[in-house]
Amino acid sequence: MARKIVLTSGKGGVGKTTVCANLGMALANRSQRVVAVDLDVGLNNLDVALGLDNRVVFDLVDVLENRCRIKQALLKVDNVPTFFVMPSCHQSVRMFTCENVKRIIQRLDEQFDYVLIDCPAGMDAGFIRAVNCADEALVVCTPHLSAVRDADKVVRYLATLSPFSVGVVVNRVRGDLVAQGKMLSPMEVFALLGQKPLGIVADDDEINCFGQTSANPFVILADNLHFGTQKLLDVVTPYKNFWTRLFRR
Ligand SMILES: Nc1ncnc2c1ncn2[C@@H]1O[C@H](COP(=O)(O)OP(=O)(O)OP(=O)(O)O)[C@@H](O)[C@H]1O
Ligand SMILES: [Mg+2]
(Lines give C-alpha, C1' and ligand atoms only; values in the text may rest on other atoms or scores of the structure.)
(Ligands and ions follow the chains in the order given, each with its own letter.)
Protein backbone atom coordinates (compact mmCIF):
# COMPACT_ATOMS: atom_id res chain seq x y z
CA MET A 1 0.00 0.00 0.00
CA ALA A 2 1.30 3.43 -0.99
CA ARG A 3 1.88 6.43 1.23
CA LYS A 4 -0.49 9.04 -0.12
CA ILE A 5 0.90 12.51 0.53
CA VAL A 6 -0.79 15.75 -0.48
CA LEU A 7 1.41 18.82 -1.07
CA THR A 8 -0.55 21.83 0.03
CA SER A 9 0.04 25.39 1.22
CA GLY A 10 -3.01 27.62 1.24
CA LYS A 11 -1.13 30.43 -0.45
CA GLY A 12 -0.36 30.09 -4.16
CA GLY A 13 3.05 30.17 -5.79
CA VAL A 14 5.05 29.02 -2.75
CA GLY A 15 6.52 25.94 -4.45
CA LYS A 16 4.11 23.01 -4.08
CA THR A 17 4.63 21.81 -7.64
CA THR A 18 8.40 22.36 -7.47
CA VAL A 19 8.66 20.38 -4.23
CA CYS A 20 6.33 17.67 -5.56
CA ALA A 21 8.39 17.16 -8.74
CA ASN A 22 11.77 17.20 -6.99
CA LEU A 23 10.66 15.08 -4.07
CA GLY A 24 9.23 12.52 -6.48
CA MET A 25 12.56 12.43 -8.27
CA ALA A 26 14.51 12.01 -5.01
CA LEU A 27 12.23 9.20 -3.77
CA ALA A 28 12.45 7.42 -7.12
CA ASN A 29 16.24 7.68 -6.91
CA ARG A 30 15.86 5.77 -3.62
CA SER A 31 14.26 2.97 -5.71
CA GLN A 32 10.74 3.85 -4.62
CA ARG A 33 7.89 3.55 -7.11
CA VAL A 34 6.45 7.06 -7.22
CA VAL A 35 3.49 8.61 -9.01
CA ALA A 36 2.79 12.32 -8.82
CA VAL A 37 -0.83 13.21 -9.50
CA ASP A 38 -1.63 16.74 -10.62
CA LEU A 39 -4.92 17.73 -9.01
CA ASP A 40 -4.49 21.41 -9.83
CA VAL A 41 -7.29 21.23 -12.37
CA GLY A 42 -7.10 23.81 -15.13
CA LEU A 43 -3.66 25.12 -14.13
CA ASN A 44 -1.72 21.93 -14.69
CA ASN A 45 1.95 22.61 -13.99
CA LEU A 46 3.44 19.32 -12.89
CA ASP A 47 3.98 17.99 -16.42
CA VAL A 48 5.54 21.35 -17.32
CA ALA A 49 7.82 21.33 -14.25
CA LEU A 50 9.09 17.91 -15.29
CA GLY A 51 9.46 18.81 -18.97
CA LEU A 52 6.74 16.33 -19.99
CA ASP A 53 4.05 18.67 -21.28
CA ASN A 54 4.77 17.82 -24.92
CA ARG A 55 4.15 14.14 -24.23
CA VAL A 56 0.67 14.42 -22.71
CA VAL A 57 -1.80 12.37 -24.75
CA PHE A 58 -4.35 11.39 -22.10
CA ASP A 59 -4.94 13.03 -18.74
CA LEU A 60 -6.78 12.39 -15.50
CA VAL A 61 -10.13 13.37 -17.02
CA ASP A 62 -9.70 10.84 -19.83
CA VAL A 63 -9.22 8.21 -17.14
CA LEU A 64 -12.23 9.47 -15.18
CA GLU A 65 -14.39 9.43 -18.30
CA ASN A 66 -13.15 5.96 -19.32
CA ARG A 67 -11.50 7.10 -22.55
CA CYS A 68 -8.28 5.38 -21.52
CA ARG A 69 -6.79 3.17 -18.87
CA ILE A 70 -4.71 4.58 -16.00
CA LYS A 71 -1.56 3.10 -17.51
CA GLN A 72 -2.12 4.97 -20.78
CA ALA A 73 -2.35 8.35 -19.05
CA LEU A 74 0.78 7.91 -16.91
CA LEU A 75 3.91 9.65 -18.20
CA LYS A 76 7.29 8.19 -17.31
CA VAL A 77 9.86 10.76 -16.24
CA ASP A 78 12.98 10.59 -18.43
CA ASN A 79 15.90 8.61 -17.00
CA VAL A 80 13.99 7.73 -13.82
CA PRO A 81 12.43 4.30 -14.31
CA THR A 82 10.16 4.40 -11.24
CA PHE A 83 8.76 7.92 -11.42
CA PHE A 84 5.47 8.59 -13.23
CA VAL A 85 3.17 11.58 -13.57
CA MET A 86 -0.59 11.64 -13.96
CA PRO A 87 -1.27 14.94 -15.75
CA SER A 88 -4.26 17.07 -14.91
CA CYS A 89 -6.64 18.46 -17.53
CA HIS A 90 -6.55 21.97 -18.94
CA GLN A 91 -10.06 22.96 -18.03
CA SER A 92 -12.38 22.34 -15.12
CA VAL A 93 -14.85 19.48 -15.66
CA ARG A 94 -17.85 17.97 -13.90
CA MET A 95 -16.24 14.53 -13.55
CA PHE A 96 -13.83 15.86 -10.93
CA THR A 97 -15.86 14.75 -7.92
CA CYS A 98 -14.16 13.69 -4.70
CA GLU A 99 -15.35 10.09 -5.12
CA ASN A 100 -14.15 9.77 -8.74
CA VAL A 101 -10.69 11.12 -7.98
CA LYS A 102 -10.39 9.01 -4.85
CA ARG A 103 -11.24 5.93 -6.87
CA ILE A 104 -8.34 6.60 -9.26
CA ILE A 105 -5.92 7.30 -6.40
CA GLN A 106 -6.95 4.04 -4.76
CA ARG A 107 -6.07 2.14 -7.91
CA LEU A 108 -2.66 3.85 -8.06
CA ASP A 109 -2.21 2.92 -4.43
CA GLU A 110 -1.84 -0.74 -5.42
CA GLN A 111 0.94 -0.12 -7.93
CA PHE A 112 3.16 2.45 -6.21
CA ASP A 113 5.04 3.07 -2.96
CA TYR A 114 4.31 6.81 -2.96
CA VAL A 115 1.40 8.76 -4.40
CA LEU A 116 2.28 12.48 -4.29
CA ILE A 117 -0.74 14.72 -4.82
CA ASP A 118 -0.10 18.24 -6.11
CA CYS A 119 -2.88 20.33 -4.59
CA PRO A 120 -4.24 23.63 -5.92
CA ALA A 121 -3.77 26.82 -3.90
CA GLY A 122 -6.56 27.99 -1.63
CA MET A 123 -8.86 25.96 0.58
CA ASP A 124 -11.90 25.47 -1.62
CA ALA A 125 -13.29 22.42 -3.41
CA GLY A 126 -10.02 21.53 -5.19
CA PHE A 127 -8.14 21.56 -1.90
CA ILE A 128 -10.76 19.42 -0.14
CA ARG A 129 -10.71 16.96 -3.05
CA ALA A 130 -6.91 16.62 -2.94
CA VAL A 131 -6.75 16.31 0.86
CA ASN A 132 -9.52 13.75 0.79
CA CYS A 133 -7.38 11.40 -1.30
CA ALA A 134 -4.38 11.48 1.08
CA ASP A 135 -3.54 10.36 4.57
CA GLU A 136 -0.48 12.57 5.02
CA ALA A 137 0.25 16.18 4.14
CA LEU A 138 3.37 18.15 3.34
CA VAL A 139 2.60 21.80 3.96
CA VAL A 140 4.88 23.95 1.81
CA CYS A 141 5.45 27.44 3.14
CA THR A 142 7.79 30.33 2.41
CA PRO A 143 9.27 32.46 5.22
CA HIS A 144 6.80 35.28 4.64
CA LEU A 145 4.05 36.19 7.09
CA SER A 146 1.27 35.93 4.49
CA ALA A 147 2.39 32.41 3.54
CA VAL A 148 2.75 31.37 7.20
CA ARG A 149 -0.72 32.71 7.99
CA ASP A 150 -2.29 30.74 5.12
CA ALA A 151 -0.28 27.62 5.98
CA ASP A 152 -1.53 27.94 9.56
CA LYS A 153 -5.15 27.88 8.32
CA VAL A 154 -4.38 24.72 6.34
CA VAL A 155 -2.68 23.10 9.34
CA ARG A 156 -5.69 23.90 11.53
CA TYR A 157 -8.02 22.34 8.98
CA LEU A 158 -5.83 19.23 8.66
CA ALA A 159 -5.82 18.89 12.46
CA THR A 160 -9.58 18.24 12.28
CA LEU A 161 -8.93 15.23 10.04
CA SER A 162 -6.88 13.20 12.51
CA PRO A 163 -5.33 10.73 12.17
CA PHE A 164 -3.56 12.74 9.50
CA SER A 165 0.22 13.18 9.60
CA VAL A 166 1.42 16.69 8.78
CA GLY A 167 4.98 17.85 8.02
CA VAL A 168 6.26 21.24 6.93
CA VAL A 169 8.74 22.23 4.23
CA VAL A 170 10.03 25.80 4.29
CA ASN A 171 10.84 26.80 0.75
CA ARG A 172 12.69 29.76 -0.79
CA VAL A 173 14.77 30.56 2.30
CA ARG A 174 17.34 33.30 1.75
CA GLY A 175 20.19 32.46 4.14
CA ASP A 176 21.69 35.94 3.73
CA LEU A 177 18.46 37.67 4.73
CA VAL A 178 17.87 35.33 7.67
CA ALA A 179 21.44 35.97 8.90
CA GLN A 180 20.77 39.71 8.72
CA GLY A 181 17.49 39.31 10.62
CA LYS A 182 15.46 40.49 7.64
CA MET A 183 13.61 37.22 7.02
CA LEU A 184 11.90 34.68 9.30
CA SER A 185 14.20 31.73 9.91
CA PRO A 186 12.94 28.25 8.95
CA MET A 187 12.96 27.33 12.67
CA GLU A 188 10.65 30.25 13.42
CA VAL A 189 8.29 29.08 10.67
CA PHE A 190 8.27 25.52 12.06
CA ALA A 191 7.58 26.88 15.54
CA LEU A 192 4.76 29.15 14.32
CA LEU A 193 3.09 26.26 12.52
CA GLY A 194 3.76 23.80 15.35
CA GLN A 195 4.26 20.87 12.97
CA LYS A 196 6.98 18.36 12.20
CA PRO A 197 9.95 20.01 10.34
CA LEU A 198 10.60 17.91 7.25
CA GLY A 199 12.64 20.10 4.97
CA ILE A 200 14.31 23.40 4.21
CA VAL A 201 14.89 24.54 0.64
CA ALA A 202 16.94 27.60 -0.20
CA ASP A 203 15.81 30.17 -2.71
CA ASP A 204 17.83 29.05 -5.69
CA ASP A 205 17.39 30.02 -9.33
CA GLU A 206 18.97 26.71 -10.32
CA ILE A 207 16.20 24.70 -8.71
CA ASN A 208 14.52 22.53 -11.26
CA CYS A 209 14.03 18.84 -11.75
CA PHE A 210 17.01 18.16 -13.88
CA GLY A 211 19.97 19.05 -11.67
CA GLN A 212 19.95 16.59 -8.80
CA THR A 213 23.00 16.27 -6.56
CA SER A 214 23.49 14.22 -3.40
CA ALA A 215 23.49 17.36 -1.23
CA ASN A 216 20.18 18.32 -2.73
CA PRO A 217 17.58 19.64 -0.24
CA PHE A 218 15.06 17.25 -1.78
CA VAL A 219 17.30 14.25 -1.12
CA ILE A 220 17.34 15.26 2.56
CA LEU A 221 13.57 15.76 2.49
CA ALA A 222 13.06 12.35 0.85
CA ASP A 223 15.25 10.69 3.50
CA ASN A 224 13.35 12.42 6.31
CA LEU A 225 10.10 11.16 4.83
CA HIS A 226 11.21 7.69 3.89
CA PHE A 227 13.71 6.73 6.61
CA GLY A 228 12.40 9.02 9.36
CA THR A 229 15.73 10.87 9.65
CA GLN A 230 15.58 14.38 11.08
CA LYS A 231 18.19 16.20 9.04
CA LEU A 232 17.64 19.79 7.98
CA LEU A 233 19.65 21.77 5.49
CA ASP A 234 21.56 24.63 7.13
CA VAL A 235 21.16 27.54 4.75
CA VAL A 236 21.99 30.27 7.27
CA THR A 237 25.36 29.44 8.88
CA PRO A 238 27.35 30.10 5.68
CA TYR A 239 26.11 33.70 5.88
CA LYS A 240 26.84 34.22 9.58
CA ASN A 241 30.01 36.27 9.70
CA PHE A 242 31.38 39.45 11.20
CA TRP A 243 29.48 41.67 8.75
CA THR A 244 26.05 40.11 9.26
CA ARG A 245 26.53 40.29 13.07
CA LEU A 246 27.47 43.94 12.73
CA PHE A 247 24.47 44.54 10.47
CA ARG A 248 22.07 42.92 12.95
CA ARG A 249 23.32 45.26 15.68
N1 LIG B 1 13.37 27.13 -3.90
C2 LIG B 1 13.08 27.88 -4.97
N3 LIG B 1 14.00 28.75 -5.47
C4 LIG B 1 13.72 29.51 -6.54
N5 LIG B 1 12.56 29.47 -7.20
C6 LIG B 1 11.60 28.63 -6.75
C7 LIG B 1 11.81 27.79 -5.63
N8 LIG B 1 10.68 27.08 -5.42
C9 LIG B 1 9.81 27.45 -6.38
N10 LIG B 1 10.35 28.37 -7.18
C11 LIG B 1 9.71 29.05 -8.32
O12 LIG B 1 8.53 29.67 -7.85
C13 LIG B 1 7.52 29.61 -8.84
C14 LIG B 1 6.26 28.98 -8.23
O15 LIG B 1 6.58 27.65 -7.90
P16 LIG B 1 5.48 26.50 -8.00
O17 LIG B 1 4.77 26.55 -9.31
O18 LIG B 1 6.15 25.24 -7.61
O19 LIG B 1 4.49 27.00 -6.86
P20 LIG B 1 3.05 26.40 -6.53
O21 LIG B 1 2.87 26.52 -5.05
O22 LIG B 1 2.89 25.05 -7.12
O23 LIG B 1 2.12 27.44 -7.30
P24 LIG B 1 0.53 27.28 -7.52
O25 LIG B 1 -0.10 27.64 -6.20
O26 LIG B 1 0.24 28.29 -8.58
O27 LIG B 1 0.27 25.88 -7.93
C28 LIG B 1 8.09 28.81 -9.99
O29 LIG B 1 8.54 29.70 -10.97
C30 LIG B 1 9.26 28.07 -9.38
O31 LIG B 1 10.30 27.82 -10.31
MG1 LIG C 1 1.39 24.28 -8.42
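Fair warning: this is a prediction, and the values are worked out from it, not measured in the lab.

## Details of the site of ligand 1
Not every one of the 18 residues close to ligand 1 is listed here, only the nearest: Gly12, Gly15, Thr17, Thr18 and Ala121. Per-element tally for the shell around ligand 1: the top contributor is helix H1 (residues 16-28), with 3 residues. Considered class by class, the residues forming the shell around ligand 1 number 4 nonpolar, 8 polar and 6 charged.

## Quick notes on the sheet that holds strand S4 (residues 83-86)
Strand order across the open sheet formed by 8 strands is S3-S4-S2-S5-S1-S6-S7-S8, with mixed pairing between neighbours. Among the strands making up the open sheet, the edge pair consists of strand S3 (75-76) and strand S8 (196-202). One ladder, built from 6 bridges, connects strand S6 (residues 136-141) with strand S7 (residues 165-173); its direction is parallel. Across the sheet, the residue bridging to Glu136 is Ser165, located in S7.

## Examining unusual backbone geometry
For Ser31, which is not glycine, the phi torsion reads 65° and is therefore positive. Tracing the sequence through the fold places Ser31 in the loop between H1 and strand S2 (34-38). Phi is positive for Asn79, which is not a glycine, with a value near 60°. Turning to its location among the elements, Asn79 is positioned in the loop between S3 and S4.

Definitions and cut-offs
- Residues numbered from 1 in each chain as written.
- Chains lettered and ligands numbered in written order.
- Predicted model: local features only at pLDDT ≥ 70, side-chain atom pairs only at ≥ 80, totals over all residues.
- Near = placed C-beta within 6 Å.
- Helix = DSSP H or I, 4+ residues; strand = E, 2+ residues; numbered from the N terminus.
- Nonpolar A, V, L, I, M, F, W, Y, C, P; charged D, E, K, R; others polar.
- Pairing = 2+ DSSP bridges.

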